Amino acid sequence: MSEVLVTGGAGYIGSVVCRTLLARGHRVVVLDSLTEGHRAAVPPGIPFYQGDLGDPVLLGDIFKKHAVAGVVHMAAYCLVGESVSDPEKYFLNNVVQGLALLRVMRLCGVKNIIFSSTAAVYGEPRESPITEEHPTAPINPYGLSKLIFEQALETYRQAYGLRYVTFRYFNAAGAAPDCGEDHHPETHLIPLVLDQALRQQGRKATPPGEGLTVFGLDYPTPDGSCLRDYIHIRDLALAHVLALERLENLPVSIFNLGNGQGFSVLEVVRQAAEATGVDIPYAVGPRRAGDPAVLVASAERARRYLGWEPQFPDLRGIIQSAWEWHEGHPEGYGTG
Ligand code: UDP
């Protein structure tokens, strides 16, 4: 029986993709460098390789040992701010190492790949919601690194017959029972807000952090804070598996993944306070560089061609699932 290689399978979203693949009867192999991912996030009992995408010997070995029919490529760096201060890290990992993966796939005759891209390829949106036809004009090196790899995939399709799907994620959020968000340092809104709730309750052993800062209250939005489209990682994961299963018959390759509804930063804080029963204090700071005011997806295409329907679209439910994981793992994968 053929197998699916998940690169970045020890990461926040990758670990859920692995479980969704297994639940739908696929066999899974994971490659992860563990620079960001957690060994404990990988489902027990599946083959795991620690190493870099850019290591052709290791990759060749994996393709020799396993009958890999397709790759879900999620191993990447994903912090906008860091990409601005250290773009080389993003080009080397997200582009150069990604190309190394494509080369080994080509040499080993592996033709199918699902790629994790980002709404950051659109840059400053000209309209909302954003469809896949919206022009791509990234405003940070992270978005650019993802766009370059998207274009490499299309070039490989034309030249070598590669079959691919690119998913442009909006704001991945929430948790599955065994998998949650544990980044070091954490920069994402929902885990930071929940972290504050844990600290307010005195449930974290580590010293107090800096507190929550809302980045900008002067955006042209109803309450002045940014609007984002939060999507549950279980819904994201399901789309990957559906795409892999339908890859040979898809007439389009690029799909947005979001819920089509924008929530403000202040609304997230308010709903998190409700979900946790804790008043969450915050300060107001300046805007964060590279943050568009509004990022909301049209995911009609994924519904139409993949038969994908989000099962957990409700923001309150997304936050609740994340809270359950954070309560069980107050210090991340090291606890719980
Ligand atoms: N945000 C914030 N304070 C924080 C982290 C994030 O106000 O400490 C805002 C950020 O400016 C954005 C939204 O929350 O408008 C979501 O940010 P996140 O980093 O979670 O995801 P991104 O939109 O960058 O992918």
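Note that the structure is predicted; figures quoted are calculated from it, not measured.

Thresholds applied
- Numbering of residues starts from 1 in each chain and follows the order in which that chain's sequence is written.
- In keeping with the model being predicted, local features are shown solely for residues with a pLDDT of at least 70 and side-chain atom pairs are shown and tallied solely at 80 or more, while totals for entire chains, interfaces and linings include all residues.
- Water and hydrogen atoms play no part in the side-chain values, which are based on all heavy atoms of the structure.
- In this text, buried Ala, Val, Leu, Ile, Met, Phe, Trp, Tyr and Cys residues form a nonpolar core when linked through side-chain atoms within 4.5 Å.
- In this scheme, a residue with accessible area under 20% of its type's maximum is buried, one over 50% is exposed, and one in between is partly exposed, where area comes from a 1.4 Å probe on protein chains only.
- The helix and strand labels rest on DSSP assignments: H or I over at least four residues marks a helix, E over at least two residues marks a strand, and numbering proceeds from the N terminus.
- In this description, contact between two residues means that some pair of their heavy atoms is separated by no more than 4.5 Å.
- Think of it this way: one heavy atom of a residue within 4 Å of a molecule or strand is enough to make that residue near it.
- Contacts described as polar in this section are N or O atom pairs within 3.5 Å, which, within protein, must combine one atom able to donate a hydrogen with one able to accept it, while residues neighboring in sequence count only if both atoms come from side chains.
- For the accessible areas, the method is Shrake-Rupley and the probe is 1.4 Å, while residue cover comes only from the protein chains on display.
- Any two strands with at least two DSSP bridges between them are considered paired.
- Axis lines are fitted to C-alpha atoms, over the contacting stretch for helices. Their N-to-C directions set the angle, which ranges from 0 to 180 degrees.
- Roughly parallel here means an angle under 35 degrees, roughly antiparallel means over 145, roughly perpendicular means 65 to 115, and every remaining angle is called oblique.
- Left-handed describes a crossing whose near helix is turned anticlockwise from the far helix through less than a right angle; right-handed describes the clockwise counterpart.
- Three categories are distinguished: nonpolar for Ala, Val, Leu, Ile, Met, Phe, Trp, Tyr, Cys and Pro, charged for Asp, Glu, Lys and Arg, and polar for the others, with Gly belonging to the last.
- The term salt bridge refers to a pairing of a side-chain nitrogen on Lys or Arg with a carboxyl oxygen on Asp or Glu at a separation within 4 Å.

**Focus: the nonpolar core**
By size, the foremost hydrophobic cluster in this structure holds 44 residues, and its most contacted members are Phe-167, Leu-257, Leu-306 and Trp-308. The greatest single-element share of this core, amounting to 8 residues, is contributed by helix α7 (residues 233–246). In this view, Trp-308 contacts Ile-231, Asp-235, Leu-238, Ala-239, Leu-242, Leu-257, Gly-258, Ala-299, Ala-302 and Arg-303; residues no more than four positions away in its chain are not counted. Counting residues in each nonpolar core, the second largest holds 24 residues, with Leu-53, Val-68, Met-105 and Phe-149 among its members.

**Focus: the site of the ligand**
Near the ligand, the surroundings consist of 14 residues, among which Leu-189, Thr-213, Phe-215, Arg-288 and Asp-291 are the closest. Phe-215 places a polar main-chain atom, nitrogen or oxygen, 2.9 Å from an oxygen atom of the ligand. Arg-288 has a polar side-chain atom sitting 2.7 Å from an oxygen atom of the ligand. Summarising the interface, the protein chains cover 87% of the accessible area of the ligand, which totals 520 Å² for the free molecule.

**Quick word on the sheet that holds strand β5 (residues 112–118)**
Across the sheet, 7 strands lie side by side as β3-β2-β1-β4-β5-β6-β11; this open sheet has parallel pairing. Taken across any chain shown, the strands that pair with only one partner, and hence form the sheet edges, are β3 (48–50) and β11 (254–257). Between one strand axis and the next, the sheet turns by 20 degrees as a mean value, whatever way the strands run.

**Some remarks on the environment of Ala-322**
Following the sequence through the fold, Ala-322 ends up in helix α10 (residues 315–328). Ala-322 sits in the buried class, given a relative accessible area of 5%. Considered as a pair, Ala-322 and Leu-153 are 169 residues apart in the sequence and their alpha carbons are 33 Å apart.

**Brief notes about the packing of helix α6 (residues 189–200) against α10**
Across the interface, α6 lies against α10 with an axial gap of 10 Å and an inter-helix angle of 50 degrees. Relative to α10, the element α6 is oriented oblique. Along this stretch, α6 crosses α10, giving a crossing that reads as right-handed. Along its contact with α6, which presents Ile-190, Pro-191, Leu-194, Ala-197 and Leu-198, the element α10 presents Ile-319, Ala-322, Trp-323, His-326 and Glu-327. Its residues assigned to classes, the contact of α6 with α10 comprises 8 nonpolar, 1 polar and 1 charged.

**Quick word on the pattern of salt bridges**
Summed over all chains, the structure comprises 19 salt bridges. Among the salt bridges present, the one from Arg-24 reaches Glu-245, with a minimum N-O distance of 2.7 Å. With Arg-24 in the loop between α1 (14–23) and β2 (27–32) and Glu-245 in helix α7, this pair connects stretches of sequence that are 221 residues apart. Judged by relative accessible area, which is 41%, Arg-24 ranks as partly exposed. A salt bridge links Asp-218 to Arg-287; its shortest N-O distance comes to 3.0 Å. With Asp-218 in the loop between β8 (212–215) and β9 (227–228) and Arg-287 in the loop between β13 (282–285) and β14 (294–295), this pair connects stretches of sequence that are 69 residues apart.

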